[in-house]
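# Summary of the model geometry
Next come the chains, spelled out residue by residue.
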Amino acid sequence: MRNPVMLSAGVLGISHRTLRRVYEAGAGAVVTKSIGAEPRKGFKNPTLVDLGVGVLNAMGLPNPGVKEFVKEVEALKRDGVCVIASVYGFRAEEYAQVAGELCDAGADAVELNYSCPHVSQVGLIGQNPQLVAEVTETVKHSVSKPVYVKLTPNVTDIASVAKAAEEAGADAITAINTVRAMAIDIEFQRPVLSAVYGGLSGPAIKPIALRAVYEIYEAVEIPVIGVGGITSWRDAVEFFLAGASAIQVGTAVYLKGLSIFRQITQGLKRYLERKGCSTIEEIVGKAHKHSSSPK
Ligand code: SIN
């Protein structure tokens with residue numbers, strides 16, 4: 001990657017044109033919308049609501065299916081874009097098949113989505129370390145590109161799930177996906193989302209994501225990719241200090257536009273200069289040296 005600030009899965013991620021625009025706006029790499037074996041319409045509207053403190057969505061994993069999407073990945077690679085393919089499935093073999101086809105199309109890495117909080121079969125994988133290990137191992141046997149595992153915060157002990165993924169061969173952990181949440185319309189007296197529950201993203205979840213990255217960094221040796229509520233270079237710095245080797249930005253694209261990528265990379269550069277560092281690696285995990293939580 002040309003810089004460590006990626007677009008996260010789910011935002012502008014379904015066509016090569018929008019993903020290329022994000023790359024041209026300065027992202028170090030782009031992660032696609034999660035792609036499955038078959039086309040999927042997703043849930044009925046309403047699927048997204050802006051709550052002010054964050055955004056709640058339950059899209060239902062809409063996507064054109066892998067056979068159609070390989071064309072988008074091929075087009076991105078022709079344009080020289082660094083692309084990570086997000087993959088979901090309902091069985092280990094399905095993850096492996098979709099990951100394999102997207103890697104063959106040129107994806108630079110795959111990110112396994114075990115963490116959608118409102119498509120239960122997918123979210124449930126991420127809540128079970130044994131299933132995480134099984135799917136990760138199956139995918140690792142069938143692709144030669146790096147495999148990232150994206151975890152859900154909707155568990156008691158995210159570090160143990162990360163450890164299971166690492167032991168199964170994951171090359172990096174992405175943390176976190178959205179936080180399971182809901183909203184109720186007081187006039188209609190019913191849940192706002194058609195799926196009732198959804199995933200909360202944006203500023204409200206930043207402290208949760210930061211805590212997850214901090215815990216995972218202490219549990220695993222592989223790189224951690226931090227995501228969740230990052231809307232400024234200051235937020236990004238916090239994630240690197242907590243142990244992230246790279247970060248992803250999603251909801252901030254909706255809140256602040258595509259200029260967010262250059263705002264963050266330029267802010268990071270100035271911060272590193274001010275601290276006398278020449279590489280981002282010099283600050284990764286640095287907050288751990290100065291802390292010990294009471295036992
Ligand atoms: C969705 O498409 O419903 C969101 C996917 C996710 O949160 O993983």
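Let me sum up the structure you'll find in this document. Keep in mind it's a predicted model, so treat the numbers as computed, not measured. (Residues numbered from 1 in each chain as written. Predicted model: local features only at pLDDT ≥ 70, side-chain atom pairs only at ≥ 80, totals over all residues. Heavy atoms only, no water.)

### Remarks on the sheet that holds strand 9 (residues 179-181)
Put simply, the test is: Strands qualify as paired when DSSP identifies two bridges or more between them. Each helix is a run of DSSP H or I of at least 4 residues and each strand a run of E of at least 2, with the numbering of both proceeding from the N terminus. Lines fitted to C-alpha atoms define the axes, with helix axes restricted to the stretch in contact, and inter-axis angles between N-to-C directions lie between 0 and 180 degrees.
Read across the open sheet, the 4 strands follow the order 3-4-12-9; overall the sheet is antiparallel. Lying at the two open borders of the sheet, with one neighbouring strand each, are strand 3 (48-50) and strand 9. Between one strand axis and the next, the sheet turns by 30° as a mean value, whatever way the strands run. Inspection of the sheet shows strand 3 paired to strand 4 (residues 55-57) by 3 bridges, in the antiparallel sense.

### Description of a positive patch on the surface
For the record, the criterion: Patch definition: residues with relative accessible area over 30% and no salt bridge; like charges joined within 9 Å; nonpolar side chains (Val, Leu, Ile, Met, Phe, Trp, Tyr) joined within 5 Å. Per-residue and other accessible areas were derived by the Shrake-Rupley procedure at a 1.4 Å probe size, with only the shown protein chains allowed to occlude residues. One speaks of a salt bridge when a side-chain nitrogen belonging to Lys or Arg is within 4 Å of a carboxyl oxygen belonging to Asp or Glu. Neither His nor the chain termini are counted; the positive set is Lys and Arg, and the negative set is Asp and Glu. Charge positions are represented by NZ for Lys, CZ for Arg, CG for Asp and CD for Glu.
On the surface, a cluster of positive charge is contributed by Arg234, Arg274, Lys275, Lys286 and Lys289. In this fold, Arg234 is placed in helix 8 (residues 233-242).

### Remarks on the side chain of Gln248
Which entries qualify depends on this criterion: Each residue's exposure class comes from its accessible area (1.4 Å probe, protein chains only) as a fraction of the maximum for that residue type: buried when under 20%, exposed when over 50%, partly exposed otherwise. When checking whether two residues touch, look at their non-hydrogen atoms; a contact exists if any pair is within 4.5 Å.
With respect to the helices and strands, Gln248 occurs in strand 14 (residues 244-249). We classify Gln248 as buried; its relative accessible area is 1%. Sequence-distant contacts of Gln248, defined by excluding residues within four places in its chain, comprise Met6, Leu7, Ser8, Ala9, Val31, Glu111, Lys150, Thr174, Ile225, Gly226, Val227 and Ile230.

### Some points on the environment of Ile125
Residue position: Ile125 is located in helix 4 (residues 120-126). On the basis of relative accessibility, which here comes to 6%, the residue Ile125 falls in the buried class. When the C-alpha atoms of Ile125 and Leu151 are compared, they prove to be 9.4 Å apart, with 26 residues separating the residues in sequence.

### Topic: the nonpolar core
What counts, and what does not: Nine residue types can take part in a nonpolar core, namely buried Ala, Val, Leu, Ile, Met, Phe, Trp, Tyr and Cys, and a core is a set of them joined through side-chain atoms within 4.5 Å.
Ranked by internal contacts, the top residues of the largest apolar core, which has 102 residues, are Tyr95, Leu102, Ile247, Val249 and Phe261. Here the element with the most residues in this core is helix 3 (residues 92-104); it accounts for 7 residues. Setting aside chain neighbours within four positions, we find Ile247 in contact with Pro4, Val5, Met6, Ile225, Gly226, Ile230, Ala236, Phe239, Phe240 and Ile264.

### Re the site of the ligand
Rules: We call a residue near a given molecule or strand whenever any one of its heavy atoms falls within 4 Å of it. In protein, a polar contact requires one atom able to donate a hydrogen and another able to accept it; more generally it is a pair of N or O atoms within 3.5 Å, and residues adjacent in sequence count only if both atoms are side-chain atoms. Residues are said to line a cavity or pocket when one of their atoms sits within 4 Å of a point; the points come from a 1 Å grid over protein atoms alone, cavities being sets where a 1.4 Å probe fits but cannot get out and pockets being open sets with protein on both sides within 12 Å along at least five of seven lines. Assignment of a molecule to a cavity or pocket requires that more than half of its atoms lie within 2 Å of the corresponding grid points.
For the ligand, the full set of nearby residues is Lys33, Asn57, Ala58, Met59, Gly60, Leu61, Pro62, Asn113, Cys116, Pro117, His118 and Asn177. Contact between the ligand and Lys33: an oxygen atom at 2.7 Å from a side-chain N or O atom of the residue. Considered on its own, the ligand offers 260 Å² of accessible surface; in the complex 92% of this is hidden by protein. Taking a 2 Å distance to the grid points as the criterion, the majority of the atoms of the ligand fall inside the largest pocket.

### As for the packing of helix 3 against helix 5 (residues 129-142)
Filter applied, for reference: The hand of a helix crossing depends on one turn: near helix anticlockwise from the far one by less than a right angle means left-handed, and clockwise means right-handed. Asp, Glu, Lys and Arg are counted as charged, while Ala, Val, Leu, Ile, Met, Phe, Trp, Tyr, Cys and Pro are counted as nonpolar; the rest, among them Gly, fall into the polar class.
As a packed pair, helix 3 and helix 5 sit with axes 8 Å apart at the nearest point and diverge in direction by 35°. The way helix 3 lies across helix 5 gives a crossing that is right-handed. Residues Ala92, Glu93, Tyr95, Ala96 and Ala99 of helix 3 lie in contact with helix 5, whose contacting residues are Glu134, Val135, Thr138, Val139 and Ser142. Along the lines of polarity and charge, the residues of the contact of helix 3 with helix 5 split into 6 nonpolar, 2 polar and 2 charged.

### Digging into the pattern of salt bridges
In total, this model carries 13 salt bridges according to the counting rule given. Salt-bridge contacts for Glu166 lead to Lys163; the nearest nitrogen and oxygen are separated by 3.1 Å. Of this pair, Glu166 and Lys163 both sit in helix 6 (residues 158-167), 3 residues apart, which is roughly one turn of that helix. We note a salt bridge from Asp235 to Lys206, for which the minimum N-O separation is 3.1 Å.

### Details of the packing of aromatic side chains
Applied cut-off: Each Phe, Tyr or Trp ring, with Trp reduced to its six-membered ring, pairs with another whose centre is within 6.5 Å; inter-plane angles below 30 degrees give stacked pairs, above 60 give edge-to-face pairs, and intermediate values give tilted ones. The rule for a charge over a ring is simple: NZ of Lys or CZ of Arg within 6 Å of the ring centre, and within 35 degrees of the ring normal.
Per the counting criterion, the structure on display carries 3 aromatic pairs. With a centroid separation of 5.8 Å and 80° between ring planes, the pair formed by Tyr88 and Phe90 is classed as edge-to-face. What makes Tyr88 buried here is its relative accessible area of 2%. With a relative accessible area of 32%, Phe90 lands in the partly exposed category. Each ring, one from Trp233 and one from Tyr271, has its centre 6.1 Å from the other, and the planes form 45°; the classification is tilted. With a gap of 38 residues between them, Trp233 in helix 8 and Tyr271 in helix 10 (residues 260-274) connect regions that are remote in the sequence. For Tyr271, a relative accessible area of 12% corresponds to the buried category. Arg2 extends its terminal NZ or CZ atom over the ring of Tyr23, reaching a point 3.7 Å from the ring centre.

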